[in-house]
Structures are given as structure tokens and as C-alpha cells.
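These are the residues of each chain, in order.
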Amino acid sequence: MVKRATWSQYQGSIGDRSGLFAAVADTWPIEQALYPGSYVDLSPSTAISSVTYVDTDARATRFFADDALLGSELAGRTRPGAGQQVHYVSADYTQPLDVPDESADLLISLFAGLVFEHCRRYLRPGGWLLANTSHGDASLAALDPTTRLVAAVHQQADRYRLDVDELDRYLVPKRPDAADPDKIRASGRGIAYTKTAFAYVFQVD
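To start, this report covers the structure provided alongside it.

Conventions used here
Residues numbered from 1 in each chain as written. Predicted model: local features only at pLDDT ≥ 70, side-chain atom pairs only at ≥ 80, totals over all residues. Heavy atoms only, no water. Core = buried A, V, L, I, M, F, W, Y, C linked by side-chain atoms within 4.5 Å. Buried < 20%, exposed > 50% of the residue type's maximum accessible area, 1.4 Å probe, protein only. Helix = DSSP H or I, 4+ residues; strand = E, 2+ residues; numbered from the N terminus. Contact = heavy atoms within 4.5 Å. Polar contact = N/O pair within 3.5 Å; in protein donor to acceptor, adjacent residues only side chain to side chain. Pairing = 2+ DSSP bridges. Salt bridge = Lys/Arg side-chain N within 4 Å of Asp/Glu carboxyl O. Arc of directions from axis to C-beta.

1. As for the nonpolar core
Side chains of nonpolar character tend, in soluble globular proteins, to be buried together. Membership of the largest hydrophobic core comes to 37 residues, with the highest contact counts inside it found for Leu-20, Phe-21, Trp-28, Leu-106, Leu-110, Leu-130 and Val-153. The biggest single contributor to this core is helix H2 (residues 18-27), with five residues. When neighbours within four sequence positions are excluded, Leu-110 is seen to be in contact with Arg-17, Leu-20, Phe-21, Tyr-35, Leu-130, Ala-131, Asn-132, Phe-198 and Ala-199. In terms of nonpolar packing, the next biggest core, distinct from the first, is built from 33 residues, Val-89, Tyr-93, Val-99 and Cys-119 among them.

2. Some details on the side chain of Asp-41
Mapped onto the elements, Asp-41 comes out in the loop between strand E1 (32-36) and strand E2 (50-55). Residue Asp-41 is classed as buried on the basis of its relative accessible area of 0%. Within the structure, Asp-41 has its side chain in polar contact with the side chain of Arg-17 (distance 3.1 Å). Side chain to side chain, Asp-41 and Ser-43 meet in a polar contact 2.7 Å long.

3. Focus on the pairing of strand E6 (residues 147-156)
Counting buried positions along E6 yields seven of 10 residues, so the element is predominantly enclosed. Inspection of the sheet shows E6 paired to strand E8 (residues 199-204) by six bridges, in the antiparallel sense. Bridge pairing links Val-153 to Ala-199 in E8. Two elements, E6 and strand E7 (residues 159-163), share five bridges in a ladder whose sense is antiparallel. When the bridges of E7 are listed, Val-153 appears paired with Leu-162. Between E6 and E7, which follow one another and run antiparallel, lie two residues, and Ala-157 among them has a positive phi close to 60°.

4. Side note on the pattern of salt bridges
In total, this model carries 13 salt bridges according to the counting rule given. Between Asp-41 and Arg-17 there is a salt bridge, with the nearest N and O atoms lying 3.1 Å from each other. Taken together, the residues Asp-41 in the loop between E1 and E2 and Arg-17 in the loop between helix H1 (7-14) and H2 connect sequence positions 24 residues apart. The pair Asp-41 / Arg-17 is uniform in exposure class, with both members buried. For Asp-57, the salt bridge identified is with Arg-59, shortest N-O distance 2.7 Å. Members of the salt-bridge network, linked through shared partners, are Glu-117, Asp-182 and Arg-185.

5. Here's the deal with helix H3 (residues 58-65)
What H3 keeps buried is the set Ala-60, Phe-63 and Phe-64. Buried residues of H3 fall within an arc of 90° about the axis and therefore sit on the same side. Each element contacted by the buried residues of H3 is listed here: H1, E2, helix H4 (67-74) and strand E3 (85-90).

Next up, the structure:
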């Protein structure tokens, strides 16, 4: 028997990230998002019209298969135009997904591993990557010549703020020799920076 999981319950562990996606959607023209390693975090759909969620956890598969539950979880919580399409792919994101290439405006990588390296093919040119350093994804993106930092995300409880000014203060390694992609992949951890943030937004060529 697969234990039931809901977004409402999950917020007790991770908080409500709806404000994060509202801030992102207010800043850039995002209509479609891809969220590998989402588990049951439904928060992007409160601010974005179409979101494809990807996970292998049976509890997530059961959650996203229940249309009535999804509707009740989102009821009264979506911004105008948001939550119109909720897709779910039960798959390992490190393998090819049943998702069209260059179809997403936003690729989400939060505490899910090296999403960007495996899923950038699904992000349209000029699209955005939202990533944190938990497993090194933001640190690898910062070293990629095809990306440009456009915002640092700060969090206080369930409140999120985007800093778009003086971005050269961010992603400065405390130890310059740590800025090595191979070391980051081997450790599975992000670089320690002189100024930190909850997450970072990059625009990708």
C-alpha cells in the first residue's frame, strides 16, 4: 500500500514556495515550466499556466493522478491564468523524458540533483533556470559560459525576494580552487560562497 502524500502535508517540511514562483512569474514571461524531482510540491502551478512535474516516487505518481485532489489543493490559491495545465511524468529525469525539446520557459532545480545537465535540452533558448546549490546544480550553472545570473533569491519563512542588483556580489567562491565542475560533480555539493542566497535564477542561451 502506497502511503498517501499531499502538497498540504509536504508544506510542513519545506514551507510554501508559492511566493517564490509568484516573484519569478512577475519578473519574466513564463508560461511553461518543467520541474524534475518535484515530489508533490505543487507550488509552481499557483503562479504559472502550465507545469510538467517529474518524479519516480510512487507517492508523487499517486498524488498527481488524483485530479480531484489536485483541484482541491489549488482551489483559491492560483493567480489569474495559473494552474491551467498540470502534467506529470513518472520517470527518472537523468534519462530522456517524454517532453518536447526547447518547450519550457523555466527549468526548476531545487534539492533534486544535477537537473540542469540532464534537462537543459527541454529549456528553450533564452529561458530561465531556477536552481539552488544543494547538490551543486547552481554552482555548475554559474561556471557554464552559456548562462548568465539574473537574480538571487532570498527567503524568510514563506516570503521570497529577488535581488537583481549588483549580482557580481554573488557566486564568488570562498576557495577559488573549489570552482571545478569535476569536483562539484564528485562531491554532489555546491560551492561555499562569500555571499549566499536560497537559490539563483540564470538566463540560458
